[in-house]
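The lines below spell out each chain.
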Amino acid sequence: MAVSVKIPTQLRAATDGEATAMVDGETVGEVLDALYERYGELRSRIAEDGGLRRFVNVYVEGEDIRFLDGLETEVSDGDEVTILPAVAGG
Amino acid sequence: MPPESLRCKECKTPYPLEARFVCERCFGPLEIAYGSLDADPAELRRRIHGGPRSLWRYADFLPVAAPPPPALEAGFTPLLRADRLAEKLRLEEVWIKNDAANPTHSFKDRVVSVALARARELGFDTLACASTGNLANAVAAHAAAAGLHAYVFIPADLEEQKVLATGVYSPRVVAVDGTYDDVNRLCTELSSEHDWAFANINMRPYYAEGSKTLAFETAEQLSFTLPDRVVCPIASGSLFTKLARGFEEWLSAGLVGGEMPVFCGAQATGCSPVAIAFGEGHDFCRPVKPDTIAKSLAIGNPADGSYALDLARRTGGTIEAVSDEEIVAGIHLLATTTGIFTETAGGVTIAVLKQLAERGEIDRSERVVAYITGDGLKTLDCVRDSFSTWQIEPSVESFERVAGELAVPA
């Protein structure tokens, strides 16, 4: 499955300035692994102990993956995965 | 306390004092790091007393280069001793900090004042926000007063009173089909694409500091002493944690003595991710889908949830949730004992205060301060049908026919 991942400004230094990346994967976890393959530095910024850091939110088609199956959430061809900082709002 | 840098609350990486809110190394929240105070407590007190009757009297503790010219001044709201409420709750000393008495009738005037002042220093011409209503009111009004453009993003199902009270200032009002959390996600994305000062996103480190002034005022109004316990609503947890920061800063400055108050947080059962995590002993919150009349507290994914949990635990406090019925009863209890008509968030706070008092968790001798953060006129629908009216003809006979029902019990 090819999905597009939207990269927030705060991580673009680790993606050579790219705001979107097209990667393959069956689940959110696989998509993120594919992203880390391409941009090694991203892993240390947002991943921790095999999961995501506490202040990182990931959405599939606008829905927080914590309401879905977390990193096991399946993705479909053409889905949009969004990575965002969790410390906004209120 | 001159502001020196932004600093990651988690990994301590410093950043310049710009419009940014996230640590690029660990994604933790940024907050303001200050230098040392240049004055002793007596001098600080003199400066405060000599300052304006607004939150800018505490400029020594705020993250701006200089206080802005006076415009729509926020803060310096009444702290009222609520003896009739205390008596009902079998407590001795209850105070109500009535922050509905701000220019746009909520505590959001404080945070927006500070965010706007810093945004102007940084050269922005547009102020924006993701809001559950009160923030939209404040952003629209303060931007208008300062001559800035404003974009406010709100959930489409917001109370009409809040939408009208915002629209009157002619900001761009964008109603989003979704919850506040959807609005917040959208605005977090937009803040990467537009060169705007989003009060509670890229300006959040400055914005959040405005809430400290509620603690400063409370302490000043109590003649430079601290309460024993505070009860405060929790949405994102920013107000709750910054209230503590305010008390801590004054303790370390020597402006007050004694112990940190016990911090009690209040949520609505229909949106209580922080109260649930507190009850289950977790260090962080699982997000929820909100379903409550307390829309100003309807944040299912609270940014400062983990810090709020830590604060309640380390001060020996708690975080509780109350039902929609208890919220309406809380609004009535405050109104009928103090004359203050609060919005749903205040109903949540008073209902939790009542719950704690009835459970015997508050010692009778404690000095308790409850924070009323918004005005009842903004959430009128929730009190509809919660009382009776009698319709009569304009004649004495017509009145006398219902007078029996109307008689006030002795």
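Residues numbered from 1 in each chain as written. Chains lettered and ligands numbered in written order. Predicted model: local features only at pLDDT ≥ 70, side-chain atom pairs only at ≥ 80, totals over all residues.

**Regarding the overall build of chain A**
Selection rule: Think of it this way: any DSSP run of H or I at least four residues long counts as a helix, any run of E at least two long counts as a strand, and we number them from the N terminus. Only C-alpha atoms enter the radius of gyration; for comparison, a globular chain is expected to reach 2.2 Å times N to the power 0.38, where N is the number of residues. Using C-beta atoms placed from the backbone, we call a residue buried if 20 or more other C-beta atoms fall within 10 Å of its own, exposed if 12 or fewer do, and partly exposed for counts in between. Placing C-beta atoms from the backbone, we regard two residues as in contact once those atoms come within 7 Å.
Counting secondary structure elements, chain A contains 2 helices and 7 strands. Secondary structure elements of chain A occur, N-terminal to C-terminal, as β-β-α-α-β-β-β-β-β. Whereas a compact globule of 90 residues would reach a radius of gyration of roughly 12 Å, chain A reaches 12 Å, a difference of no more than 12%. Looking at chain A as a whole, 41% of its 90 residues are labelled buried. For chain A, the proportion of contacts with a sequence separation of at least 24, taken over those separated by at least 6, is 54%.

**Looking at the sheet that holds strand β8 (residues 172–176) of chain B**
All names here are of chain B. Applied cut-off: For two strands to be treated as a pair, DSSP must find no fewer than two bridges joining them. Every axis in this analysis is a line fitted to C-alpha atoms, fitted for helices over the stretch in contact. Angles between the N-to-C directions lie between 0 and 180 degrees.
Reading across from one edge, β8-β7-β6-β9 is the order of the 4 strands in this open sheet, with parallel pairing throughout. Among the strands making up the open sheet, the edge pair consists of β8 and β9 (197–198). Two strands pair when backbone bridges link them, and strand β6 (residues 126–130) and β9 are joined in this way by 2 bridges, in the parallel orientation. Looking across to β9, one finds that Ala128 is bridged to Phe198. Of the strands in this sheet, β6, β7 (149–155), β8 and β9 touch helix α6 (residues 180–193), which is tilted by about 145° from β7.

**Digging into the sheet that holds strand β3 (residues 30–34) of chain B**
All names here are of chain B. Here 3 strands make up an open sheet; going across it, the order is β2-β1-β3 and the pairing antiparallel. The sheet terminates laterally at β2 (14–15) and β3, the two strands that pair on one side only. Pairing of strand β1 (residues 3–8) with β2, which is carried by 2 bridges, proceeds in the antiparallel orientation. The residue bridging Arg7 from the neighbouring strand is Pro14, located in β2.

**Thoughts on the packing of helix α12 (residues 324–338) of chain B against helix α13 (residues 344–358) of chain B**
Residue and element names in this part refer to chain B. To keep things clear, this is the line we draw: Any angle that is under 35 degrees is reported as roughly parallel, and any over 145 degrees as roughly antiparallel; angles of 65 to 115 degrees are reported as roughly perpendicular and all others as oblique. Classification convention: Asp, Glu, Lys, Arg as charged; Ala, Val, Leu, Ile, Met, Phe, Trp, Tyr, Cys, Pro as nonpolar; all other residues, Gly among them, as polar.
Packing of α12 against α13 leaves a shortest axis separation of 7 Å and a crossing angle of 90°. With respect to their mutual orientation, α12 and α13 come out roughly perpendicular. In contact with Glu326, Ile327, Val328, Ala329, Gly330, Ile331, Leu333 and Leu334 of α12, α13 contributes Thr344, Gly346, Gly347, Val348, Ile350, Ala351 and Lys354. Taken together, the residues that form the contact of α12 with α13 break down as 9 nonpolar, 4 polar and 2 charged.

**Re the confidence of the model for chain B**
Our working rule: Summary of the metric used: pLDDT quantifies the predictor's per-residue confidence within the range 0 to 100.
Averaged over all residues, the pLDDT of chain B is 96; the fraction at 70 or higher stands at 100%. Prediction confidence for the complex, expressed as pTM and ipTM, is 0.96 and 0.94 respectively.

**A look at the pairing of strand β10 (residues 229–233) of chain B**
It is a general feature of regular strands that their side chains alternate between the two faces of the sheet. Residues and elements named next belong to chain B. The line we're drawing: Look down the strands so they point away from you; if going from the first strand over the helix to the second traces a clockwise path, that crossover is right-handed.
Across the 5 residues of β10, 5 count as buried, placing the element largely inside the fold. Of the two faces of β10, both are covered, the one formed by Arg229, Val231 and Pro233 as well as the one formed by Val230 and Cys232. In the sheet, β10 pairs with strand β11 (residues 262–268) via 5 bridges, with the strands oriented parallel. Paired with Val231 across the two strands is Cys264, which belongs to β11. With helix α9 (residues 238–253) bridging β10 and its parallel neighbour β11, the resulting β-α-β unit is right-handed. The pairing of β10 with strand β13 (residues 367–372) spans 3 bridges and is classified as parallel. The partner of Arg229 across the bridge, within β13, is Val368.

**Here's the deal with the nonpolar core**
Residues and elements named next belong to chain B. Let me state the cut-off plainly: Any set of buried Ala, Val, Leu, Ile, Met, Phe, Trp, Tyr and Cys residues joined through C-beta atoms within 7 Å is what this text calls a nonpolar core.
Core analysis: the largest hydrophobic core is formed by 155 residues, its most contacted members being Ala115, Val139, Ala197 and Ala199. The biggest single contributor to this core is α13, with 8 residues. Ignoring sequence-local partners within four residues, the contact set of Val139 consists of Val112, Leu127, Cys129, Ala150, Val152 and Ala199.

**Some words on the interface of chain B and chain A**
The partner chain A presents 22 residues to the 31 residues of chain B that form the contact. Taken together, the residues of the side of chain B that touches chain A break down into 13 nonpolar, 10 polar and 8 charged.

**So, the environment of Phe216 of chain B**
Residues and elements named next belong to chain B. Along the chain, the position of Phe216 falls in helix α8 (residues 212–221). Between the alpha carbons of Phe216 and Leu44 there is a distance of 12 Å; along the sequence they are 172 residues apart. Excluding residues within four positions of it along the chain, Phe216 makes contact with Tyr58, Phe61, Gly246 and Trp250.

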